Amino acid sequence: MRRFEAVIREANITRAIVEHALRELKELSEVDVAIVGAGPSGLTAAYYLAKGGFKVLILERRFSLGGGTGPGGNLLPKAAFQKDVLPLLEEFGIRYSATDYGLYVASPPEIIAKLAAKAVDAGASVLLGAHVQDLIYRVDPLRVCGVVWVWTPVHEGGYHVDPLFTEAKAVVDATGHGAEVVSIACRKIPELGVAIRGERSAYADLSEKLVSEYAGRVAPGLYVTGMAVASVYGLPRMGPIFGGMLLSGKRIAEIILGELKGI
Ligand code: 48F
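Position numbers for residues start from 1 in each chain and track the written sequence from start to end. Side-chain atom pairs in this predicted model are given and counted only at pLDDT of 80 or more, local residue features only at pLDDT of at least 70, and totals for whole chains, interfaces and linings cover all residues. Side-chain numbers here rest on the full set of heavy atoms in the structure, without hydrogens or water.

**Let's talk about helix H4 (residues 108-121)**
Next, step 1: Under the scheme used here, helices are H or I runs from DSSP no shorter than 4 residues and strands are E runs no shorter than 2 residues, and both carry numbers assigned from the N terminus. Given a helix with a known number of residues, its expected span is that number minus one, times 1.5 Å. For H4, spanning 14 residues, the distance from its first C-alpha to its last is 20 Å, which sits close to the expected 20 Å at 1.5 Å a residue.
Next, step 2: When we look at burial in H4, the residues that qualify are Pro 108, Glu 110, Ile 111, Ile 112, Leu 115, Ala 116 and Ala 119.
Next, step 3: Any two residues having at least one pair of non-hydrogen atoms within 4.5 Å are treated as being in contact. Looking at the buried side of H4, the elements it contacts are helix H2 (40-51), strand S3 (79-81), helix H3 (86-92), strand S5 (104-106) and helix H9 (243-260).
Next, step 4: After H4 finishes, the residue Gly 123 shows a positive phi value of roughly 115°. A simple rule labels every residue: compare its accessible area, found with a 1.4 Å probe on the protein chains alone, to the largest value its type can have, and call it buried under 20%, exposed over 50%, or partly exposed in between.

**Brief notes about the confidence of the model for the protein**
Next, step 1: Summing up the model confidence of the protein, the mean pLDDT is 97 and the portion of residues at 70 or higher is 99%.
Next, step 2: A score from 0 to 100, pLDDT tells how confident the predictor is in each residue. Considering each helix and strand of the protein separately, the mean pLDDT is smallest for helix H5 (residues 152-157), with a value of 97, and largest for strand S2 (residues 56-60), with 99.

**Considerations on a nonpolar patch on the surface**
Next, step 1: The residues that make up patches have over 30% relative accessible area and no salt bridge, and they are joined within 9 Å when like-charged or within 5 Å when they are Val, Leu, Ile, Met, Phe, Trp or Tyr. Under the convention used here, a 1.4 Å probe and the Shrake-Rupley method define accessible areas, while residue burial counts only the protein chains that appear. Each salt bridge in this description consists of a side-chain nitrogen of Lys or Arg and a carboxyl oxygen of Asp or Glu lying within 4 Å of one another. On the surface, a cluster of nonpolar side chains totalling about 450 Å² of accessible area is made up of Val 7, Ile 8, Ile 13 and Ile 17.
Next, step 2: Following the sequence through the fold, Ile 8 ends up in the segment before helix H1 (10-27).

**A word on the environment of Tyr 137**
Next, step 1: Turning to its location among the elements, Tyr 137 is positioned in strand S7 (residues 130-138).
Next, step 2: Judged by its relative accessible area of 36%, Tyr 137 falls in the partly exposed class.
Next, step 3: Along the chain, Tyr 137 and Leu 115 lie 22 residues apart, while their C-alpha atoms are 31 Å from each other.
Next, step 4: Not counting residues within four places of it along the chain, the set of residues in contact with Tyr 137 comprises Leu 142, Arg 143, Val 144, Cys 145, Ile 189 and Glu 191.

**Details of the nonpolar core**
Next, step 1: In terms of nonpolar packing, the biggest core is built from 80 residues, with Ile 35, Leu 49 and Ile 256 touching the most fellow members.
Next, step 2: Among residues more than four places away in sequence, those in contact with Ile 35 are Gly 42, Ala 45, Ala 46, Leu 49, Val 56, Leu 57, Ile 58, Leu 59, Val 172 and Ala 174. Buried residues of nine kinds, namely Ala, Val, Leu, Ile, Met, Phe, Trp, Tyr and Cys, make up a nonpolar core once their side-chain atoms join them within 4.5 Å.

**A short note on the pairing of S2**
Next, step 1: In terms of residue burial, S2 counts as a mostly covered element, since five of its five residues are buried.
Next, step 2: The alternating pattern of S2 places Val 56, Ile 58 and Glu 60 on one face and Leu 57 and Leu 59 on the opposite face, and all of these are buried.
Next, step 3: Assignment of crossover handedness uses the view with strands pointing away from the viewer, where a clockwise path from the first strand over the helix to the second indicates a right-handed crossover. A crossover connection joins strand S1 (residues 30-36) to the parallel S2 through H2; in handedness this β-α-β unit is right-handed.
Next, step 4: When DSSP finds two or more bridges between a pair of strands, those strands are recorded as paired. By the bridge criterion, four bridges tie S2 to strand S6 (residues 125-128) in an arrangement that is parallel. Bridge assignment links Glu 60 to a residue of S6, and that residue is Leu 128.

**A word on the layout of surface pockets**
Next, step 1: Reported here for the largest pocket is a volume of approximately 670 Å³.
Next, step 2: Think of a 1 Å grid over the protein atoms and nothing else: a 1.4 Å probe that fits but is trapped marks a cavity, an open set flanked by protein within 12 Å on at least five of seven lines marks a pocket, and residues with an atom within 4 Å of a point count as lining. Looking at the largest pocket, it is lined by 32 residues, and the ones nearest its centre are Gly 67, Gly 68, Thr 175, Gly 176 and His 177.
Next, step 3: Going through the elements one at a time, H2, S2, S7 and helix H6 (180-188) are the ones with two or more residues in the lining of the largest pocket.
Next, step 4: Per-element tally for the lining of the largest pocket: the top contributor is S7, with three residues.
Next, step 5: As a working rule, the residues Ala, Val, Leu, Ile, Met, Phe, Trp, Tyr, Cys and Pro are called nonpolar, Asp, Glu, Lys and Arg charged, and the rest polar, with Gly in that last group. Taken together, the residues that form the lining of the largest pocket break down as 14 nonpolar, 13 polar and five charged. Grid points are joined across faces, edges and corners, and a volume is the space filled by probe spheres set on the points.

**Quick look at the site of the ligand**
Next, step 1: Think of it this way: one heavy atom of a residue within 4 Å of a molecule or strand is enough to make that residue near it. Near the ligand you find 29 residues, and of these Ser 41, Glu 60, Gly 68, Met 227 and Gly 239 are the closest.
Next, step 2: Polar contacts, as counted here, are pairs of nitrogen or oxygen atoms within 3.5 Å of one another; within protein the pair requires one atom able to donate a hydrogen and one able to accept it, and residues that are adjacent in sequence qualify only if both atoms are side-chain atoms. One of the side-chain nitrogen or oxygen atoms of Ser 41 is found 2.7 Å away from an oxygen atom of the ligand.
Next, step 3: One of the backbone N or O atoms of Met 227 is found 2.8 Å from an oxygen atom in the ligand.
Next, step 4: A pocket or cavity is taken to hold a molecule when more than half of that molecule's atoms are within 2 Å of the pocket's grid points. The cavity that encloses the ligand is the largest pocket.
Next, step 5: Among the secondary structure elements, those contributing two or more residues to the shell around the ligand are H2, S2 and S7.
Next, step 6: Looking at which element gives the most residues to the shell around the ligand, the answer is S7, with three residues.
Next, step 7: Within the shell around the ligand, the residues separate by chemical class into twelve nonpolar, 13 polar and four charged.

Right under this line is the structure:
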């Protein structure tokens, strides 16, 4: 074998990763807004919040972005949008095509890539493989003030490994159909008085409007957006039409920007 001077040393790969990862994790132990879930609503919210000057962290339990966007409609690689969302698609640079049905379609990989690029370019941070398993709360005044998380392989392995914490002024449940963060609040902080009504059967036109209308604060410090809104408030599902997710993410960002600006 040809002899040569090794430029890339294995030990330096480790040093570079460990040093910079720990620096970043330390920096992310306290943020303005912790968004749980990197689906379309979480990514949209992250973009507007970061653009508004907030320190934003998305915690996503998968090692990929986009949540339910990737599979399109029953694995067919298109997602539908309604006309009133076209300005949002244009803001994100997502290309779309008109159909004969009064609806527009776009490609899931492009939707994911553009939403994520906008969020990250605006300054939002993302932790992949971070499973949120609990909340941090305080009394006097009663409020949610952060998330408790472990790496997904630890969670899925069922090991008892103590977690790490991220404090936040606002925690956003963007976990989709499961409304996992609000469910934790229901079960483990009953004094918040939060309840989950459960999602209803499909009524796309109605739910597309209501998921953004009902996006909001469910308890002090705890907010909900996207499909999780439908689960919390008993709204219908809408299937593979995604305009409501983007509008819901934008709406929650506006609400939080308004509420936190004064703090
Ligand atoms: O499910 P998801 O895409 O939620 P969304 O933004 O959008 C819903 C649509 O995709 C679709 C629909 C609308 O037409 O019906 O379903 O409301 O993304 C939720 C993300 O949250 C992650 C999950 O892996 C997914 O990527 N997630 C869920 N629970 C946790 C979590 C958790 N406990 N910790 C971290 N991430």
